[in-house]
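Okay, here's what each chain looks like letter by letter:
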Amino acid sequence: MKVSTGTVRFLKSSEFYLFLVIAGLGAILTVVTEDFFSLENLFDVLVSYSFLGIMAVGLMVVLISGGIDISFTATATVAQYIMASFIIQHGGGWWVAFLIPVTIGIMLGAVNAALVYNLRVHSIIITIATLNVFYGVLIFVTRGKWIYNFPDWFAEGYSLFDFSAADGTDYSFSLSIIVLLAVFAVTGFLLNRTSIGRQIYAMGGNMDAAKRMGFNLLKLHFFVYCYMGFLAGIAGLVQAQLVQTVAPNSIVGRELEVVAAVVLGGASLAGGAGTLLGTILGVTLIAIMQNGLTLLGVSSYWHKIVIGMIILISVSITAYNRKLEERRHAEIDV
Amino acid sequence: MNGDNFLELRNISKRFHGVQALKDVDFELRRGEIQCIVGENGSGKSTLIKIISGVYTPEPGGTITIDGVSQSDITPAKSTHLGIQVIYQDHSLFPNLTVAENIGIHQHLETGRQFVNWKKLRQTARDAMSKIDVSLDVERLVEKLSVADRQLVAICRAIAADARLVIMDEPTSSLTRQEVDALFKVVRDLQQKSITIVFVSHRLNEVMEIAERVTILRDGLKVATFDAKDMDDHKLGFLMTGQEISYSALTNGFNREKTILEVDRLSKKGNYRDISFDLHEGEVLGFTGLLGSGRTELALSLFGMNPPESGQIRINGETVHLATNHEAIARGIGYVPEDRLTLGLIMEQPVGGNIALTVLKTLLTRCNLIDSGKQKAFIDQRISDLNIRVPDAEVAVNTLSGGNQQRVVLAKWIATHPKILILDAPTVGVDVAAKSGIYEIVKRLASHGIGIILISDEVPELLSNCHRILLMRKGRLVGQYLPSEISEKELGQKINEG
């Protein structure tokens, strides 16, 4: 049987291993829980993790470029808070609900980009600082007040392709799913088919070389951090629409979960590596694991321990594979 | 301007914070020639390259003429546009991208191009490779390539960018002899395509092999440009340094009666096999062989970092098992990786601190704090022993002359009382004058009774510094030579055989 080199490459890739882990975990959960393998449950998981997926995609782009952004949860919160306050006071429609958070996201991303580029301090330090500043200012100004009472059109949501399953439950492609799929498509195209996407990979692979080649590093920094901000803004909108509440502390604190998903998906903290498929699988793994633990009735404190263990195991396997690879290279014909 | 010239520089000067990096340099390149620029560190080679590639602007009064057109303000982008490509020592490749994308990377920077044309990118890469008869898998990631192949990718990238002048900075420094030959063939192919080549190199013998003309820089001034056929490496060395450099042959003997290290049938699968040799007190034992011959793996085994699978190591007659480098150090074995002999100094720190650094443990009080009285006595003793000329032990190392710095290095190593010192390629990337200083250190360490294992690629270095030379090939010891009984040429051939 002839196997193409592309297939071989896929079978050796970290995405494939991740896929196997997810399939294995899914099989176990199907056997030990009643509810896991049902359309209803899987649909719920998809809807409720979509905003994390959107942020994960943005973070992946930053990681590929050789940086990191920790502040995106604060960006998303600030964006959704301002959007929610505006539509409750002044009304508006979906366009307003979309444009406000993405504009704020892009602006806060630009702040990160300018600081990272000009200060030449590692982006993790800068974005931890901006996370605190963005979030602190929001809490100070709003005194941490929750927002409810959305207008009816916002509460009803937006959906396409309504359909009923055999058991009579209604499903639809709601706002969160539509947006998530659009984000996947746009980001995939951006990274693999556009010159700027390839420049982002190149910059993450070798910043000095990119500079010598005459890449516009300032432009690339702005693009990357603003894209992260843009997606954080969208994620803020999606999450607010989903839970119909804006609480300043509901997204902040989940940044490490997103970092975990992206790193599990094969993006490297050293820059230059990461794929859309990997990130999707990374988010999927985190999502079904948390869902599975919930269905099994395990305390939510355990979730953190399990996530931590999974990250440790995954990076250990990566490190071990690299060691094997190095050994193979060092082999001498004796 | 002479119509044969691709590039002419006149009266080029450059000064950084009061340091004159280049002064009134005239330089020209003929179309399609291979020219080398040589000079010691700090002679202005890299400044000159950066002026040609537009990274630095020369001071007023200097002129740059490229292809008959005077260029007043040349920038990196403009020099690229004019067909000037620099291949830096690190190759400036993108390890996470494929061969095709690295070669065609300029396509991503074309103005007005928003989208990637993968088909065209691969075609560009194949075209560039076929011009110099290279075939690499275009889908392979550059990080999986050997150093030599990466260099080919960098050259292909220059070709793909329509280079008319390719400047290579130290292109041979991490290549084996075969790879250097392959590179030279590629360079001659480029010349056939009437591309001008500039080589910048420390390795004078290679310079002489490939270059048609040689320009020598010293202290920011151009000494002269010569036809390579009128030069030899001895003359070049003199012109570069302004001083007659001759490596004195090894005269001091060693103690044949006292064997300090015996290695008996040492083997490790995939590394080396059946290695036996011994080392005497005060002996300098050369190890050579191509990269991949197993010599570094063997050295690491002796230093406890790559435990052997079978065989014995005896130090002063006692069988030892070196499972970690900690044990090796405790047994009196030192290992100095490439060019760390001089880098082992902390330049901003005082002389005394540098000398005592490796032996701080022996200078502690009962409470495990440093006994400053003991430390001072120790340092003063070393300084007077080695005749280091310093006003006092508190001055920073970087204020000393080169010769005195080398004595500090010497003091530091002698302080640890090593019995065996392994030097792995100690002069790689070191210029001519500093090399002779390192050789002096090696000789003096040996005269203190330390047994030295000197791993090197450079035949003259081995012949003038070693008592015996052992040759490794594919993990085995295949020969032993005495410097007095083999010529440079013969040894060079033996190394490259098989």
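Here the residue numbers are simple positions, counted from 1 along each chain's written sequence. Lettering for chains starts from A, numbering for ligands starts from 1, and both go in the order in which the items are written. Reporting of local features is limited, given that this is a predicted model, to residues whose pLDDT is at least 70; pairs of side-chain atoms are given and counted only at 80 or more, and all residues count toward the totals for whole chains, interfaces and linings.

The next point concerns the overall build of chain B. The helix count covers DSSP runs of H or I at least four residues long, the strand count covers runs of E at least two residues long, and both are numbered beginning at the N terminus. Each helix and strand in chain B was counted, giving 17 helices and 20 strands. Atoms counted for the radius of gyration: C-alpha only. Globule rule: 2.2 Å times residue count to the power 0.38. In terms of overall dimensions, chain B is globule-like: its C-alpha atoms have a radius of gyration of 26 Å, near the 23 Å expected for 498 residues. Along the first, second and third principal axes, the C-alpha atoms of chain B reach 70 × 55 × 50 Å. To sort residues by burial, count the other C-beta atoms lying within 10 Å of each one's C-beta; a count of 20 or more means buried, 12 or fewer means exposed, and anything in between means partly exposed. C-beta atoms are built from the backbone. Taking all 498 residues of chain B together, the buried fraction comes to 42%.

A word on the overall build of chain A. Counting its regular elements, chain A contains 14 helices and two strands. Rg of the C-alpha trace for chain A: 21 Å, near the compact-globule value of 20 Å for 334 residues, within the 12% margin. Along the longest, intermediate and shortest principal axes, the C-alpha atoms of chain A span 75 × 55 × 40 Å. For chain A, the residues scored as buried account for 42% of the 334 residues in total.

This part covers the sheet that holds strand β16 (residues 333-336) of chain B. Residues and elements named next belong to chain B. Here we have six strands laid out as an open sheet, ordered β16-β17-β18-β13-β19-β20, and mixed in their pairing. Since the sheet does not close on itself, it has two edges, and those belong to β16 and β20 (476-481), each with one partner. Taking each pair of neighbouring strands and ignoring which way they run, the sheet shows an average axis angle of 20 degrees. At least two DSSP bridges between two strands are needed for those strands to be called paired. Axes here mean lines fitted to C-alpha atoms, for a helix over just the part in contact, with angles spanning 0 to 180 degrees between N-to-C directions.

Residues and elements named next belong to chain A. Expected span of a helix: the number of residues minus one, times 1.5 Å. Taking 1.5 Å per residue as the helical rise, helix α2 (residues 14-32) with its 19 residues ought to reach 27 Å, and the 27 Å between its terminal C-alpha atoms agrees with that figure. Listed in full, the buried residues belonging to α2 are Glu 15, Leu 18 and Leu 29. An end-on view of α2 places all buried positions within 60 degrees of arc, on one side of the element. Projecting away from the buried face of α2 at angles above 90 degrees are the exposed residues Leu 20, Ala 23, Gly 24, Ala 27, Ile 28 and Val 31. Here the arc refers to the directions that run from the helix axis out to each C-beta atom.

Now for the interface of chain A and chain B. Contacts here follow a simple rule: the backbone-placed C-beta atoms of the two residues must lie within 7 Å. Opposite the 21 residues of chain A that make contact, chain B presents 26 residues. At the level of elements, α9 (195-205) and α10 (207-213) of chain A are the ones that each hand at least two residues to the side of chain A that touches chain B. Looking at the side of chain A that touches chain B element by element, the count peaks at six residues for α9 of chain A. Note on residue classes: Ala, Val, Leu, Ile, Met, Phe, Trp, Tyr, Cys and Pro are nonpolar, Asp, Glu, Lys and Arg are charged, and everything else, Gly too, is polar. Each residue belonging to the side of chain A that touches chain B can be placed in one class, and the counts come to eight nonpolar, seven polar and six charged.

Take the domain arrangement of chain B next. How big an interface is tends to be expressed through the accessible area that disappears when the partners come together. Taken as a whole, chain B is organised into domain 1 (5-241) and domain 2 (255-496). Where each domain begins and ends is defined by an automated method or by a domain database. Placing the centre of domain 1 of chain B and that of domain 2 of chain B at their C-alpha centroids yields a distance of 36 Å.

Moving on: the nonpolar core. In summary, soluble globular proteins display a tendency toward joint burial of nonpolar side chains. The biggest cluster of nonpolar side chains holds 158 residues, and the ones touching the most others in it are Ile 54, Met 55, Leu 59 and Leu 231 of chain A. Element by element, the count of residues in this core is highest for helix α11 (residues 217-243) of chain A, at 15 residues. The term nonpolar core means buried Ala, Val, Leu, Ile, Met, Phe, Trp, Tyr and Cys residues held together as one set by C-beta atoms within 7 Å.

Turning our eyes to something else, we now look at the environment of Ser 456 of chain B. All names here are of chain B. When you line up the elements, Ser 456 lands in the loop between β18 (451-455) and α16 (459-465). In this structure, the C-alpha to C-alpha distance between Ser 456 and Asp 424, residues 32 residues apart in sequence, is 6.8 Å. Not counting the four nearest positions on each side in its chain, Ser 456 is found in contact with Gly 286, Thr 288, Ala 425, Glu 461 and Leu 462.

Residue and element names in this part refer to chain B. Overall, antiparallel pairing links the four strands, which are arranged β2-β1-β4-β5 in an open sheet. A single partner strand is all that each edge strand has here, and the edge strands are β2 (19-30) and β5 (69-70). As paired elements, strand β1 (residues 5-16) and β2 share eight bridges and run antiparallel to each other. Across the sheet, the residue bridging to Asn 5 is Arg 30, located in β2. Here helix α1 (residues 45-52) sits on the sheet and contacts β1 and β2; the angle it forms with β2, its principal contact strand, is near 60 degrees.

A few words on the confidence of the model for chain B. All names here are of chain B. Every residue carries a pLDDT, the predictor's confidence in it, which falls somewhere between 0 and 100. On average, residues of chain B score 84 in pLDDT, and 93% of them are at 70 or above. The secondary-structure element of chain B with the lowest mean pLDDT is helix α11 (residues 340-343), recorded at 55, while helix α3 (residues 99-103) shows the highest, at 95. This prediction of the complex comes with two scores: 0.78 for pTM and 0.87 for ipTM.

Residue and element names in this part refer to chain B. As judged from the six bridges shared by strand β9 (residues 213-218) and strand β10 (residues 221-227), these two strands associate in the antiparallel manner. Paired with Arg 213 across the strands is Asp 227, a residue of β10. The loop that links β9 with its antiparallel partner β10 comprises two residues; one of these, Asp 219, has a positive phi angle of about 50 degrees.

All names here are of chain B. Turning to helix α8 (residues 233-241), its buried residues number three or more, namely Leu 236, Gly 237 and Met 240. Buried residues along α8 cover an arc of 100 degrees about the axis, so they all sit on one side. Positive phi appears at Gly 242, one or two residues downstream of α8, with a value of about 75 degrees.

All names here are of chain A. The N-to-C vectors of helix α5 (residues 94-119) and helix α6 (residues 123-142) enclose an angle of 145 degrees; their axes lie 10 Å apart at closest approach. Of the two elements, α5 crosses α6, and the hand of that crossing is right-handed. Packed against α5, whose contacting residues are Leu 108, Val 111, Asn 112, Leu 115, Val 116 and Leu 119, the element α6 presents Ser 123, Ile 126, Thr 127, Thr 130 and Phe 134 at the interface. A class-by-class count of the residues in the contact of α5 with α6 yields seven nonpolar, four polar and no charged. Should the near helix be turned counterclockwise from the far one by less than a right angle, the crossing is left-handed, whereas a clockwise turn marks it as right-handed.

Attention shifts here to the pairing of strand β14 (residues 310-315) of chain B. Remark: a regular strand shows side chains that alternate across the two faces of the sheet. Residue and element names in this part refer to chain B. Judged from the five bridges that link them, strand β11 (residues 255-268) and β14 form a sheet pairing that is antiparallel. Across the sheet, Asp 264 pairs through a bridge with Gln 312, a residue of β14. With three bridges connecting them, β14 and strand β15 (residues 318-320) associate as antiparallel partners. Across the sheet, the residue bridging to Ile 315 is Glu 318, located in β15. Between β14 and β15, which pair antiparallel one after the other, the connecting turn spans two residues, and Asn 316 there sits at a positive phi close to 50 degrees.

Once that is clear, we can look at the environment of Lys 474 of chain B. In this fold, Lys 474 of chain B is placed in the loop between β19 (468-473) and β20. Through-space distance from the C-alpha of Lys 474 of chain B to that of Gln 89 of chain B is 28 Å; in sequence the pair is 385 residues apart.

This part takes up unusual backbone geometry. Residue and element names in this part refer to chain A. Here Arg 120, not a glycine, exhibits a phi torsion of approximately 55 degrees, which is positive. By secondary structure assignment, the location of Arg 120 is in the loop between α5 and α6. Residue Arg 120 is classed as exposed on the basis of its C-beta count, with 7 C-beta atoms lying within 10 Å. Despite not being glycine, Asn 149 has its phi angle at roughly 55 degrees, a positive value.

Residue position: Gln 35 of chain B is located in strand β3 (residues 34-38). Setting aside anything within four residues of it in sequence, one finds Gln 35 of chain B in contact with Leu 29, Val 198, Ala 211, Glu 212, Arg 213 and Thr 215 of chain B.

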